[in-house]
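Listed below, chain by chain, are the residues.
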Amino acid sequence: MHKLLARQLARAAQGSGELDLEILLGLVSEAYGQSDSDRQRTDRSIALMIGELEQLNRGLDQLVQERTAALRERESQLQAQNLRFDAALKNMPYGLCMFDGDERLIVCNERYGEMYGLTSEQTKRGVTLRSVLEARIAVGQSPEDADRYIEERLAEVRSIEPCYVENVMRDGRVLSVNHRPMQGGGWVAIHQDITAQKRAETQIAYMARHDGLTGLANRAVLLEKMDEALARLRRHGNRFTIFMLDLDLFKTVNDSLGHPVGDQLLKIVTGRLAACIRETDIVARPGGDEFAILATADGDQRETAIATANRVLGAVAAPYDLDGHHLNIGTSIGIALAPDHGADAEQLMKNADLALYKAKSEGRDAYRFFEDAIGVEVRTRRAHQTDLRNALSNGEFELYYQPTVDIATRRTTSIEALIRWHHPQRGMVPPAEFIPLAEESGLISQIGEWVLRKACNDAVHWPPSIKVSVNLSAVQFRKICPVDVLSRTLAESGLPPERLELEITESVLLHGSDENVETLHRLRAMGISIVLDDFGTGYSSLSYLRMFPFDKIKIDRSFVHELAKSADCAAIVSAVAGLGRSMRIDTVAEGVETGDQLVLVQAAGCIHAQGYLFGRPCPVAELDFEPIAVPRLSRIKVA
Amino acid sequence: MAGDGADFRETLVGADCAPRTQVAAAVGFYGAAIRIGHGSAGGWDEFGRRRQITRSRGNVLFQFDGEPALDLYERYLGEDEARGLPGSGLLFPLRIFDPERPDHDIVRTILAVGHDARSMTFAGDVPEGWTAQLMRGNFDRLAAGAAMAARQAADGVGPGRTGDQIAILVSCIGRRLLMGQHTADELEAASGESGLQVPQLGFYSYGEISPHRVSGVCELHNQTMTVTTIAEVAGNSSA
């Protein structure tokens, strides 16, 4: 019996023990009702649940379809992307390869295979890095030690750090490799042909160390080579010598014939210098028209250096034919011996430079060894240059005046202005000492202008019959425009041009003569007299007298001094005086100190005389314009 | 203590006074010889799809998956039984759980419905974002649930007890509504457990309080048979 029915029977029989049928039927009916509700509820909920699940299912179906479509879309996108990626890989100028964490090739492009000359079999997916490296070495790569190279590359990729390496191929190409580790193991490597870049770098490095025109080592390389030579000197006692060279008049060539000719000259000089030295020696071009030679010394260092210097002087002095221009160029050489003249490269260079400076200042086309005295002298000269620069502003210059007289009348015809320098420490400095310095430093223009201005200003107060005479050097002629300066100075001072005489030496006509002659003509046209000074010294070419019609010729004092003792001098003085007379040029005898000399120059035919006999140079305040009485005139027989 | 069946309007408690509302009664036991066992189980079967609680506030549920919660219940109950809401709602208890902790599930039972807001009020919180699933009862499995609760409670006291014991059986009104004349089945199943051959007392409730079977934390349960056993170890009694 069903336990529920048993329970219902039990409840229906309660009380009397009699079965109450009504109660029983009520319970049974209620149970059926409950059962029906329960079944109906269950049916409904199952139906609903099925409906919901079907709906869910439909939703899932749709989702699956959507996802599938999306996946297909994604797949085709990936395919397109892969195609693009492939195209990029194929067309990129670099070789690219990708390895997995087991050092096996995942992918590489064709360029990679081409760069190393590998077959598609050697670069197929899955080959190991080691086998690729071995194939590369077998085909064209040439590391010094193949085994070591392979082990190093393997160690690099295992270190999972980015790294860079350059591979040299047997055909000379240089390939760079950049390794970059990838997330999750493995790495990607980009291989690039950097041969051209390497060549350019080498070229640039060469250019940084060599002169582009001549291909010679530059200053930096020279210092480096000197350091190396010094190291050899210290270790093995190998002495060496530094020559510093400077082409004389190179600037003139450059300015007058143009830079291309100058460049050509430098190239030829380079070739000649190279021929003068041994292969192990070095020619460098530290700058401009400067050359340097670093030569190892054997035997007697000084003797060897002299021999080399003479060879160089001879080689450079040989004539040049530059595009039809025939040139003669000299060179000056300064020599420093290592270790005697310096313990380091800078010192040696400096001392060779000082010796060069000395060689140039003593006359070009010569060599000089460095001596301690040169250093002192050069330092002194530089100090004097500084003083000289200050002298003008400090008013340390003064003009002294020395008269020239008409021998016949004893009257002063002109007075020569002579500069004096009152140095605050050194006292009176003679012009012979400071004028070359002034010319060298360029101060000569300012000093010359000052002299002109002062002389004109002083002369304005003198008797109108007396001229003032001013010296104008060749350097002044070159550096200033005498016409402009003179016309301005004369105008400012109020001195008539006819009262000004300019004394020039033949060197004015020697350099750039055409232009200077033109200038002289213009000055003369202004009314200024032009006097040729110091005639008889130097070349004293008679052609100068033809080049320009001078107003006066001053016969150098050396002839006048020797007049009494030397018949030759007397002959020269009278020849020049005679020449002047016939060319209608007045002659002045310089340096007349005695009455005897005066008699002689008068006898020789000189018109004017200048010298201590008529007055020493003196300040403007002490000038006396009265006729000069010569105290004693003895007759001397002319030999 | 007294309730009002499936009406859920008023409960009364009389403790040292006339029965009234808003009162709680508590009984405490102490002593080293006391042993207490507990068990709580439903035996309900979850069915149908899992739904997300998309709108709720405290213990008031508004929407599952964007659909009014009350619509769902009315559909499942059918027109006739829907009229018996909220009581008839007990036929479909709701299992809810945090999707982050699916094994820590709780069964919620309906206390009230809001026809205007299409809302349902449960005997405990129904947090938004949690997952919910309907449950239904099969008489045999509900009875089996009651037997499991009895077994857990008996085991909780442990072997070796020799003194007096009592078992308190509390079953949910929802179970009784569903089981009707089969209600006796769960009592028989619980009482039939060999460990529970002790004096028993019990009643129907609107919620049961017992430690959770997984977490051990004491909390409110719905739709369960909850059994508590109290035993005294012999020779050391002080209750």
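Look up a bit, the structure's there.
This report concerns the structure included in the present document.

**Focus: the packing of aromatic side chains**
Residue and element names in this part refer to chain A. A complete count under the given rule lists 13 aromatic pairs over all chains for this structure. Where Tyr367 meets Phe369, the ring centres are 6.1 Å apart and the plane angle is 90°; that geometry is what we call edge-to-face. Of the residues examined, Tyr367 reaches a relative accessible area of 21% and is grouped as partly exposed. Judged by centre distance (6.1 Å) and plane angle (45°), the ring pair of Phe397 and Trp450 falls under tilted. Pair noted here: Phe397 is in strand β13 (residues 397-406) and Trp450 is in helix α14 (residues 444-459), with a separation of 53 residues, a long-range link. Exposure remark for Trp450: the relative accessible area of 18% places this residue in the buried category. The structure contains a cluster of three or more aromatic residues connected by ring pairs, namely Phe397, Trp421, Phe434 and Trp450. We note Arg616 situated over the ring of Tyr612; from NZ or CZ to the ring centre the distance is 4.0 Å.

**A short note on unusual backbone geometry**
For the peptide bond that leads from Ala338 of chain A to Pro339 of chain A, omega is 10°, which places it in the cis range. Take Pro339 of chain A: it is sitting in the loop between β11 (331-338) and α11 (345-361). Look at the link from Leu85 of chain B to Pro86 of chain B: it is a cis peptide, with omega at 5°. One non-glycine residue with positive phi stands out, namely Arg410 of chain A, at about 65°. Take Arg410 of chain A: it is sitting in the loop between β13 and β14 (412-423). Phi is positive for Asp65 of chain B, close to 45°, though the residue is something other than glycine.

**Things to note about the interface of chain A and chain B**
Each side of the interface is counted separately: chain A has 19 residues, and chain B has 22 residues. Summing both partners gives a buried area of about 1,800 Å² for chain A against chain B, and 50% of it is carried by carbon and sulfur. Three residues, Arg7, Arg41 and Glu52 of chain A, lead the burial of chain A against chain B; their summed loss comes to 33% of the area buried on that side. At the boundary of chain A and chain B, one finds 6 salt bridges. Taken together, the connections running from chain A to chain B amount to 13 residue pairs in polar contact (both at pLDDT 80 or more).

**Concerning the environment of Tyr206 of chain B**
All names here are of chain B. Topologically, Tyr206 is positioned in the loop between β12 (200-205) and β13 (208-211). We classify Tyr206 as partly exposed; its relative accessible area is 24%. Sequence-wise, Tyr206 and Ala123 are 83 residues apart; in three dimensions their C-alpha atoms are separated by 8.2 Å. Residues in contact with Tyr206, not counting those within four places in the same chain, are Gly3, Asp4, Gly5, Phe8, Thr11, Thr109, Ile173 and Asn222. At 2.7 Å, the side chain of Tyr206 forms a polar contact with the backbone nitrogen of Asp4.

**Considerations on a nonpolar patch on the surface**
A cluster of nonpolar residues, Leu19, Leu21 and Leu25 of chain A, forms a patch on the protein surface that exposes about 300 Å² of accessible area. With respect to the secondary-structure elements, Leu19 of chain A resides in the loop between α1 (3-12) and α2 (21-91).

**A word on the sheet that holds strand β11 (residues 165-172) of chain B**
All names here are of chain B. With mixed pairing, 4 strands are arranged side by side in an open sheet as β1-β15-β11-β12. Looking at which strands have only one partner, the edges of the open sheet turn out to be β1 (34-41) and β12. Neighbour to neighbour, the strand axes of the sheet diverge by 15° on average, direction disregarded. The strands touched by helix α2 (residues 139-157) within the sheet are β1 and β15 (225-232), with β1 carrying the most contacts at an inclination of about 160°.

**Brief notes about empty space enclosed by the protein**
Under the definition given, this model contains 4 cavities of 30 Å³ or more. Put simply, the largest cavity is a space of about 80 Å³. Considering the residues around the largest cavity, the lining is formed by Cys97, Phe99, Tyr112, Leu129, Leu133, Arg136, Arg153, Val165, Val177, His179, Ala189 and His191 of chain A. Those elements that provide at least two residues to the lining of the largest cavity are β1 (95-99), α4 (129-139), β4 (174-181) and β5 (187-193) of chain A. If one sorts the elements of the lining of the largest cavity by residue count, α4 of chain A sits on top with 3 residues. Lining the second largest cavity are Asp38, Arg41, Thr42 and Ser45 of chain A together with Leu91, Phe92, Arg136, Gly137 and Leu178 of chain B.

Definitions and limits used
- Residue numbering note: each chain is counted from 1, following its sequence as written.
- Lettering for chains starts from A, numbering for ligands starts from 1, and both go in the order in which the items are written.
- Residue-level local features of this predicted model are given only where pLDDT is at least 70; pairs of side-chain atoms are given and counted only at 80 or more, and the full residue set underlies all totals for whole chains, interfaces and linings.
- No hydrogens and no water enter the side-chain calculation; it runs on all heavy atoms of the structure.
- In summary, the pairing rule links any two rings of Phe, Tyr or Trp, Trp by its six-membered ring, whose centres are within 6.5 Å, and it sorts them by plane angle into stacked for under 30 degrees, edge-to-face for over 60 and tilted for everything else.
- Between buried and exposed lies partly exposed: a residue is buried under 20% and exposed over 50% of the maximum accessible area for its type, with that area taken using a 1.4 Å probe on protein chains only.
- Helix and strand definitions follow DSSP, with helices as H or I runs of at least four residues and strands as E runs of at least two, each counted in order from the N terminus.
- Whether a charge sits over a ring depends on NZ of Lys or CZ of Arg being within 6 Å of the ring centre and within 35 degrees of the ring normal.
- Only heavy atoms enter the contact rule, under which two residues are in contact if any of them lie within 4.5 Å.
- Buried surface area refers to the total accessible area, computed with a probe of radius 1.4 Å, that the two partners give up upon joining, counted for both partners together.
- When a carboxyl oxygen of Asp or Glu lies within 4 Å of a side-chain nitrogen of Lys or Arg, that pair is called a salt bridge.
- Residues adjacent in sequence count toward polar contacts only when both atoms are side-chain atoms; beyond that, a polar contact is any pair of N or O atoms within 3.5 Å, and within protein one must be able to donate a hydrogen and the other to accept it.
- Like-charged residues are merged into a patch within 9 Å and nonpolar side chains (Val, Leu, Ile, Met, Phe, Trp, Tyr) within 5 Å, provided each residue has over 30% relative accessible area and no salt bridge.
- What sets the accessible areas is the Shrake-Rupley method with a 1.4 Å probe; for residues, cover comes only from the shown protein chains.
- Here a strand pair is declared whenever DSSP counts at least two bridges between the two strands.
- Only the stretch in contact is used when fitting a helix axis, every axis being a line fitted to C-alpha atoms; angles between N-to-C directions are given from 0 to 180 degrees.
- Throughout, the protein atoms alone are placed on a 1 Å grid, and a set of points is a cavity if a 1.4 Å probe fits but cannot get out or a pocket if it is open with protein on both sides within 12 Å along at least five of seven lines; lining residues have an atom within 4 Å of a point.
- Grid points are joined across faces, edges and corners, and a volume is the space filled by probe spheres set on the points.

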